[in-house]
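# Examination of the molecular architecture
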Amino acid sequence: MASNHGAAEQRTKHHKVEGPKKHVVAFIFSILLTFIAFATVISGEINKDFIYVILMGTAFLQVFVQMAFWMHMKDRGHTFAIIGILFGVVIVFTAVIMAEYWVWW
Amino acid sequence: MSAHTHVEGQLPHEPEKATLEGRNKVLGFWLFLGGETVLFGTLFAAYLSLRDQVLEGPTANHLFDLMLVAIATAILLTSSLTSVFAIQAMHQKNVKSLIGWLIVTVVLGASFLGLEIYEFYHYVHEGHGFTTSAFSSSFYTLVGFHGAHVLFGIVWITLLIIQLSRKGLNVVTAPKVYVAGMYWHFIDVVWVFIFTVVYLMGKVV
């Protein structure tokens, strides 16, 4: 048992177990971005295009934060994961832009 | 409890990536999420094109209550954080804390779903049925698909909790937990776009 304990300690020395701090920071950041988005709409003073830019900006920033930290996308060995998701994103942008500008005009 | 000796004994660091099967599962799940992105993207495209076609039904601005959406957003965002804590507990080989955080995640997910059901029920009473207008159809399809994903996640993670309490944490169960965590984050990411594109943009006149 004692030797087991020693081995476990050595292992944690080699692989640092990450603490919750980074994720709590990401969470606070997400809450903050959400708050900015809601506050911009509720205040309703500024012009429409400006609100849209802020909304899309906060949304994409929040998705970036969550994917990088919570889904570990920034970690090593995620090349194919990024390619897979980016492939989906490209199709999504094509679909949205087509629907918005091509179908109605 | 043989599971506990196993946990303290020989479980490798990052057990979800310890086997080739585990690594393939994670990679395959990323590709699946790419496909899910396309599914939701096309639903968003349909909603964006049809959201002004309300016929005689209520408009988005008239219908949506931002307070309800803010509460739902806070719940889902918090559940995403608790699922991160679950994965961290898994990396520390702490099965009890892992199961605890997964239960918190499921409870938060269920309360989100409850809010959404209440919201839909309320909208139908306001005269916003599925077939009322192109806006209502695309709205219910998009938000309902997301709700169905939440429901699926709740069932999935509940089954994982049962399996974890029976079989403990090992190189077979660890990738399942990790992948379920990714799924839950993805649901949260989709919700970020739903509350932005559907609710907040709907309130901008």
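Predicted model, so just to flag it, every value in this text is computed and none were measured.

This part takes up the UniProt feature "transmembrane region" (unreviewed entry) in chain A. Mapped onto this structure's residue numbering, the UniProt feature "transmembrane region" (unreviewed entry) falls at residues 24-44, 50-70 and 82-104 of chain A. Counted over residues 24-44 of chain A, helix gives 95% and strand 0%. Its end C-alpha atoms are 30 Å apart.

Moving on to the pattern of salt bridges. Residue and element names in this part refer to chain B. Considering all chains together, one arrives at two salt bridges over all chains under this definition. Where lysine 17 meets glutamate 14, a salt bridge forms, and the shortest distance between an N and an O atom there is 3.7 Å. Its salt-bridge partner being lysine 25, residue glutamate 21 comes within 3.8 Å of it at the nearest N-O pair. One end of the pair is glutamate 21 and the other is lysine 25, both in helix H2 (residues 20-50) and four residues apart, which spans about a single turn. Residue class for glutamate 21 comes out exposed when judged on its relative accessible area of 56%. Relative accessible area serves as the criterion here: at 31%, lysine 25 is assigned to the partly exposed category.

What follows covers the packing of aromatic side chains. Residue and element names in this part refer to chain B. Applying the stated criterion to the full structure yields 25 aromatic pairs over all chains. With a centroid separation of 5.9 Å and 70° between ring planes, the pair formed by phenylalanine 152 and tyrosine 183 is classed as edge-to-face. Placement of phenylalanine 152 in helix H6 (residues 134-167) and of tyrosine 183 in helix H7 (residues 173-203) is noted, with a sequence separation of 31 residues between them. Classification of tyrosine 183 by relative accessible area gives buried; the value is 3%. Members of the aromatic cluster, joined through ring pairs, are Tyr47, Phe64, Phe112, Phe120, Tyr123, Phe130, Phe135, Phe139, Tyr140, Trp191 and Tyr199.

Turning to the confidence of the model for chain B, a few remarks are in order. This prediction gives chain B a mean pLDDT of 90; 95% of its residues lie at or above 70. Counted against residues more than four places away or in other chains, residues 1-7 of chain B, with its pLDDT under 50, gives eight contacts.

What follows is about the UniProt feature "transmembrane region" (unreviewed entry) in chain B. Residue and element names in this part refer to chain B. Sites flagged by UniProt as "transmembrane region" (unreviewed entry) map to residues 27-50, 62-86, 98-118, 138-162 and 183-202. Helix and strand shares over residues 27-50 are 100% and 0% respectively, and the end C-alpha atoms of the span are 35 Å apart. Structurally, residues 62-86 comprises 92% helix and 0% strand, and the distance from its first C-alpha atom to its last is 40 Å.

Residues and elements named next belong to chain B. The residue histidine 146 is located in helix H6 in this model. By relative accessible area, histidine 146 is classed as buried at 1%. Taking C-alpha positions, histidine 146 is 7.2 Å from isoleucine 187, a pair spaced 41 residues apart along the chain. Those residues in contact with histidine 146 that sit more than four places away from it in its chain are Phe40, Leu76, Phe112, Ile187, Val190, Trp191 and Ile194.

Turning to the interface of chain B and chain A, a few remarks are in order. It is common to give the size of an interface as the accessible area that goes away when the parts come together. Facing 48 residues of chain B, the contacting portion of chain A comprises 47 residues. A buried area of about 4200 Å², summed over both sides, lies between chain B and chain A, and 78% of it is on carbon and sulfur atoms. Looking at the side of chain B facing chain A, the largest losses of area belong to B:Trp30, B:Leu77 and B:Val204, adding up to 16% of the total buried there. At the boundary of chain B and chain A, one finds two residue pairs in polar contact (both at pLDDT 80 or more). Elements supplying a minimum of two residues to the side of chain B that touches chain A: H2, helix H4 (66-91) and H7 of chain B. Looking at which element gives the most residues to the side of chain B that touches chain A, the answer is H7(B), with 14 residues.

Reading guide: rules and limits
- Residues numbered from 1 in each chain as written.
- Chains lettered and ligands numbered in written order.
- Predicted model: local features only at pLDDT ≥ 70, side-chain atom pairs only at ≥ 80, totals over all residues.
- Heavy atoms only, no water.
- UniProt positions renumbered as here; feature names shortened; annotations may be inferred.
- Helix = DSSP H or I, 4+ residues; strand = E, 2+ residues; numbered from the N terminus.
- Salt bridge = Lys/Arg side-chain N within 4 Å of Asp/Glu carboxyl O.
- Buried < 20%, exposed > 50% of the residue type's maximum accessible area, 1.4 Å probe, protein only.
- Phe/Tyr/Trp six-rings, centres within 6.5 Å; stacked < 30°, edge-to-face > 60°.
- pLDDT = per-residue confidence, 0-100.
- Contact = heavy atoms within 4.5 Å.
- Buried area = accessible area lost by both parts, 1.4 Å probe.
- Polar contact = N/O pair within 3.5 Å; in protein donor to acceptor, adjacent residues only side chain to side chain.

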